[in-house]
Amino acid sequence: MNKKKQLRYPKMETEIENGSSGTSRIHFTKDVKNAIDKVLKTDDPMDSPDFNTVDYINQLFPNEQSLVSIDETIQRMQCEVSLIDDNIRSVVRGQTNTGQDGQIALTEAQKVITTLYAHIIDVKTRAEKTEEMVKEITRDIKQLDCAKRNLTSAITTLNHLHMLVGGIESLNKLIEKRLYGEILNPLQAITEVNQHFKQYSDIDEIKNLSQNVDKIQVTLATQITDDFKDAFLPKSSTSANAGNKQRLGLNQLADACKVISVLDTKVKKELLKWFIAQQLEEYVQLFHENQDIAWLDKIDKRYAWLKRHLLDFEDKFGSVFPLDWEVSERITVEFCRLTREQLSQIMAKRSNEIDVRLLLFAINKTQAFEQLLSKRFTGVTLGAETPAALITSSALKVLPESGLSDQSTASTTIGIFHDQIGICFKAHLGIYIKSIDRNLTELMEKFVEMAKAPLKVSEVKTTVYPSSADLFVFYKKCMVQCNQLSNDQPMYELALVFKKYLREYASKVLEFSTPKLLTTTASIGKSMSLLTRDMQNLSTAAGQVFHNFLKEGETQRFQREDLIQICCVLTTAEYCLETVQQLEDKLKEKVAVAYVNKIDMSEEKDVFHRIISNCIQLLVQDLESGCEPSLQSMSKVQWQSISNVGDQSPFISTICTNFKQTVPIIRDNLATSRKYFTQFCHKFVNAFIPKFINVLYKCKLTHSDGSNNVLGCEQLLLDTHSLKTALLDLPSIGSSVNRKAPTSYTKVVVKDMTRAEMIIKVVMTPVQPPSHFTQQVLKLLPDVTIAEYQKILDMKAVKRVDQLQLIDLFKHTASHVAVVGGLSDVTAPSEDGATPLQGNLNDSANLDADPLISNEANSSGELNMVTQSSTGDIIGGNTNPAAASTSTPKRAFIFSVGSFTGSADKNVDGSSNNGSDRGRIRKLESLLKKRLP
């Protein structure tokens, strides 16, 4: 601490606060604190910025016994304080000498600065004189350089003027002779020179020359355009206008194209527009909407025409146009535009003639043609940023014959020409969605017929219905195919169709296939219909109805085939549930961004969740139904007359037999759905054990004289333990592999069956004396209710008058147990109503928690320590059990500097030392505050 105060840091930002006591506290900035920590590394807790005197005192004196060394601690602290004071005085004295040295150093620094300033002024003066001298020397040289530049510019301008005048005359002669090969170079030169004279346009002679250059360019554009029209128009149409004018050859036309490249870009654009329209004129007439060949069934002939025409064009005129003109690609782009418009018009007029096969045929041919164009051309005329960049996606080849997708996926390339023509079909894709709807309707009818057929257990190879896999395979094909057609509105509509038939499959196939037990009303109705239908043989019908009424009391069970079918429905619903989630994710991945949030299949997943829960409930009900006769037999046993204890009772054996017959079937058929088998076991024990306990309350275990039949209780306890063992082994019963049951399941069985055993043990306890009986009930059944307590009294055949007294005693005792927070050594109230408390009120479980320690300094400077009463803690304060908290068994005490009470204020000999201890602690606290204010 003393070393910190001797350090001096430059630009140290501090904040001084004046407290109410007049003392000042310095707050260092974060950077200063970090610098101090780097220089002075210490483990002393007093050097910590968040040092707390209360915590430090508690650390020095954790208990009463540690107060013995308080005098030594105070002496050590006084020594440290004295040492710090000495260091502070040394630092203060050293600051006086430091101030004098600093004044001397400042005076010397001022003298050096004055000398340096004088040197700088001298250097600046000399530099200005040198600059003036250099300017005088170089003045003549600058004049010569300026004259040279002017002379060079004049000579260059005269040469350009000579080239411009001579070039205009020569170009006019070459244009008249149509020598385009010789025109190219002079035209380029004159165009560049003319740009040089733009700055002299105010001179009349220069202005006239520029106008002549513009006239030459216009003349060339008109003349070359006419030559192209003469060369490519049919002879019959040009003979009347041209007269004896001779057509240009291909080489001359190629030279003319090069000249066009030098002229304005509008000339090239207009020429190409005319030429492409002339090339596609035959296509427009041939595939007019009035022609039969223009319909969708012959759409491939359109694409075949372009292929032939491009081959013929490139063979004849490929050498005429420069490569950078991309004439073939421009013809193709215009062909796609015309085709798209023609198909849109003709489909709008004949929309009632379009069926799904025709539509898919046209789309298939169009997509194949677009892929071919993407491979052939670069797409530069379409404005593609990277002409060679292709978008690869996984698509399926469309089969026009079936309207479905091929099962084998192929990696196809969707390039820059994608949807150049095919976009016209998207307005009619509703036909495709309706076709998918019809196909799914037929497929669902097929699945329903398959569901109506009886399940052949011997032929079942999987517990999942094959129809579910067929449904999702069809979904996948449709999704991939629709993504190839469009991923906008049609894909969203397809998702709605998927949702519709998922619900239909759940209701018409899965729910329909789930076996159901006939209710009593349905059974009576069936019997009455039999009686009214078979009036001719009245005696036979009446006998059958009477037999059915007798069977009403029997428990209805599923057959083995029904259990297997329920498991198949469950596993199929689980498969559908998992696949629906994957389907939803894939649809959101494929569909356009605008429809992602609209695709939601949570309702369909809830349907399959409900089917799974229903199947589990049916299995639980069936297993419960198998136990009903045994539970009825249990309630009818004369437990009060049992004279010896033997093996488990027959009803337990019957329950175990029911388990062995039913559970292996369910487990084997839910082998792929282990979590739902575990859920089935959970639900069964949660429903069966309470039912068993309710039957247990009906058992009479008391003799006619009011005494317990110990042998009957022991036999019932043995049976309950046997049932507990059987339930623990339920998940693996009848299995060759002894798999350990889940921990959660084991906890439920142990907890609930232990409660049943405790009920029997309570019944075995004599009612007299009542206080002991009540205490035993609360010990064995801590959470027992009044209703359950009354049922226990009924099992013991206690009279109603005596029950009222026992219930009052139970309420009174339970309330006292709740107050003291424990059960051990708590005796019931005596006859006069007093409730003595014996022994320790906290059991061993109350000592398992870690001590809870909280410290706080109050406004008067006193130190409070709150700790839990446990082994090793300071025990003091009020020892009255009534002060203990009723909400938790943990007890605390307050150890205050200002007021000690209880054993903390007394020495070993019993004498009080309140004043001395309190004074020592306050002295220690003041030392700590003095060291770190």
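Given the structure is predicted, the values throughout are model-derived calculations rather than measurements.

A. Summary view of the overall build of the protein chain. Within the protein chain, the regular secondary structure consists of 28 helices and seven strands. Across the protein chain, every contact between residues at least 6 apart in sequence was considered, and the portion connecting residues at least 24 apart equals 74%. With an accessible surface of roughly 53,700 Å², the protein chain has 53% of that area assigned to carbon and sulfur atoms.

B. Spatial organisation of the environment of Q481. Positionally, Q481 belongs in helix 15 (residues 466–485). With relative accessibility at 1%, the residue Q481 sits in the buried group. Linking Q481 and M491, residues 10 residues apart in sequence, is a C-alpha distance of 9.8 Å. Polar side-chain contacts of Q481 include one of 2.6 Å to the side chain of Y432.

C. Up close: helix 16 (residues 489–513). Compared with an ideal rise of 1.5 Å per residue, which puts 25 residues at 36 Å, helix 16 spans 35 Å between its outermost C-alpha atoms and is within 8% of the ideal. Along helix 16, the largest kink reaches about 25° and is centred on A506.

D. Layout of the packing of helix 13 (residues 356–376) against helix 15. Between helix 13 and helix 15, the least distance of the axes is 11 Å, while the angle of their chain directions is 60°. Judged on the interaxial angle alone, helix 15 and helix 13 are oblique. For the pair helix 13 and helix 15, the crossing hand works out as left-handed. Residues L360, I363 and Q367 of helix 13 form the contact with helix 15, whose participating residues are Q481, Q484 and L485. Considering only residue class, the contact of helix 13 with helix 15 consists of three nonpolar, three polar and no charged.

E. Representation of the confidence of the model for the protein chain. Averaged over the protein chain, the pLDDT score is 74; the fraction of residues at 70 or greater is 69%. For the protein chain, the element scoring lowest by mean pLDDT is strand 7 (residues 892–896), at 27; helix 19 (residues 560–590) scores highest, at 92. Long-range and interchain partners of residues 520–553, a stretch whose pLDDT sits below 50, account for 14 contacts in this model, where long-range means more than four residues apart.

F. Molecular detail of the pattern of salt bridges. By the definition in use, this model includes 27 salt bridges. The salt bridge involving K508 is made with E504; its shortest N-O contact spans 3.5 Å. With K508 and E504 both in helix 16 and four residues apart, the pair spans about one turn of that helix. When the shortest N-O distance is used, the salt bridge between K588 and E584 registers 3.4 Å. With K588 and E584 both in helix 19 and four residues apart, this pair spans about one turn of that helix. Owing to a relative accessible area of 31%, K588 belongs among the partly exposed residues under this scheme. Of the residues examined, E584 reaches a relative accessible area of 5% and is grouped as buried. When salt bridges with common partners are traced through the structure, they connect E334, R337 and E341 into a single cluster.

G. Structural context of the packing of aromatic side chains. This model, assessed by the stated rule, comprises 26 aromatic pairs. Look at Y492 and Y595: their rings are 5.5 Å apart centre to centre, the planes differ by 25°, and that puts the pair in the stacked class. One end of the pair, Y492, is in helix 16; the other, Y595, is in the loop between helix 19 and helix 20 (602–636), and 103 residues separate them in sequence. Comparing Y492 with Y595, the two get one shared label, buried. Between W639 and F651, the aromatic rings sit 6.2 Å apart at their centres with planes inclined by 90°, giving edge-to-face as the arrangement. Remark: F651 occurs in helix 21 (residues 650–669) and W639 occurs in the loop between helix 20 and helix 21; sequence separation between them is 12 residues. Taking relative accessible area as the criterion, F651 reaches 5% and is therefore assigned buried. An aromatic cluster of three or more residues is present, and its members are Y283, F287, Y303, W305, F335 and F369. The aromatic ring of Y492 is capped on one face by K598, whose charged end is 5.9 Å from the ring centroid.

H. A look at the packing of helix 20 against helix 22 (residues 674–698). In the contact formed by helix 20 and helix 22, the axes pass within 9 Å of each other and the chain directions differ by 30°. Judged by the inter-axis angle, helix 20 sits roughly parallel to helix 22. Crossing of helix 20 over helix 22 shows right-handed handedness.

I. Broad picture of unusual backbone geometry. Q768 connects to P769 through a cis peptide bond whose omega is -5°. For P769, the position within the fold is in the loop between helix 24 (743–764) and helix 25 (770–780). Look at E326: it is not a glycine, yet its phi comes out positive at around 50°. As for its placement among the helices and strands, E326 is situated in the loop between helix 11 (299–317) and helix 12 (327–349). Classification of E326 by relative accessible area gives partly exposed; the value is 26%. Residue A797 is not a glycine yet carries a positive backbone phi of 60°.

J. Here's a closer look at the nonpolar core. Core analysis: the biggest nonpolar cluster contains 182 residues, and F659 and L727 have the highest contact counts within it. If we skip the residues at most four places from it in the chain, F659 touches L623, C627, P664, F684, L723, A726, L727, L730 and I733. Judged by nonpolar contacts, the second largest core, of five residues, contains I57, F61, L67 and I74.

K. Quick peek at the environment of E326. Taking the C-alpha atoms as reference points, E326 and F377, separated by 51 residues in sequence, lie 9.0 Å from one another. In this structure, E326 is in contact with T378, V380 and T381, ignoring residues within four places of it in sequence.

L. Fine view of the side chain of H428. For H428, the position within the fold is in the loop between strand 4 (410–414) and helix 14 (430–452). When its relative accessible area of 15% is taken as the criterion, H428 is described as buried. Non-local contacts of H428, meaning those with residues more than four positions away in its chain, are made with M347, I354 and L359.

Thresholds applied
- Residues numbered from 1 in each chain as written.
- Predicted model: local features only at pLDDT ≥ 70, side-chain atom pairs only at ≥ 80, totals over all residues.
- Heavy atoms only, no water.
- Helix = DSSP H or I, 4+ residues; strand = E, 2+ residues; numbered from the N terminus.
- Contact = heavy atoms within 4.5 Å.
- Areas by Shrake-Rupley, 256 points an atom, 1.4 Å probe, with all protein chains shown as cover.
- Buried < 20%, exposed > 50% of the residue type's maximum accessible area, 1.4 Å probe, protein only.
- Polar contact = N/O pair within 3.5 Å; in protein donor to acceptor, adjacent residues only side chain to side chain.
- Expected span 1.5 Å × (residues − 1).
- Bend = angle between axes of the 7 residues up to and from the residue.
- Axes fitted to C-alpha atoms, helices over the stretch in contact; angles between N-to-C directions.
- Parallel < 35°, antiparallel > 145°, perpendicular 65-115°, else oblique.
- Left-handed = near helix turned anticlockwise from the far one by under 90°.
- Nonpolar A, V, L, I, M, F, W, Y, C, P; charged D, E, K, R; others polar.
- pLDDT = per-residue confidence, 0-100.
- Salt bridge = Lys/Arg side-chain N within 4 Å of Asp/Glu carboxyl O.
- Phe/Tyr/Trp six-rings, centres within 6.5 Å; stacked < 30°, edge-to-face > 60°.
- Lys NZ or Arg CZ within 6 Å of the ring centre and 35° of its normal.
- Core = buried A, V, L, I, M, F, W, Y, C linked by side-chain atoms within 4.5 Å.

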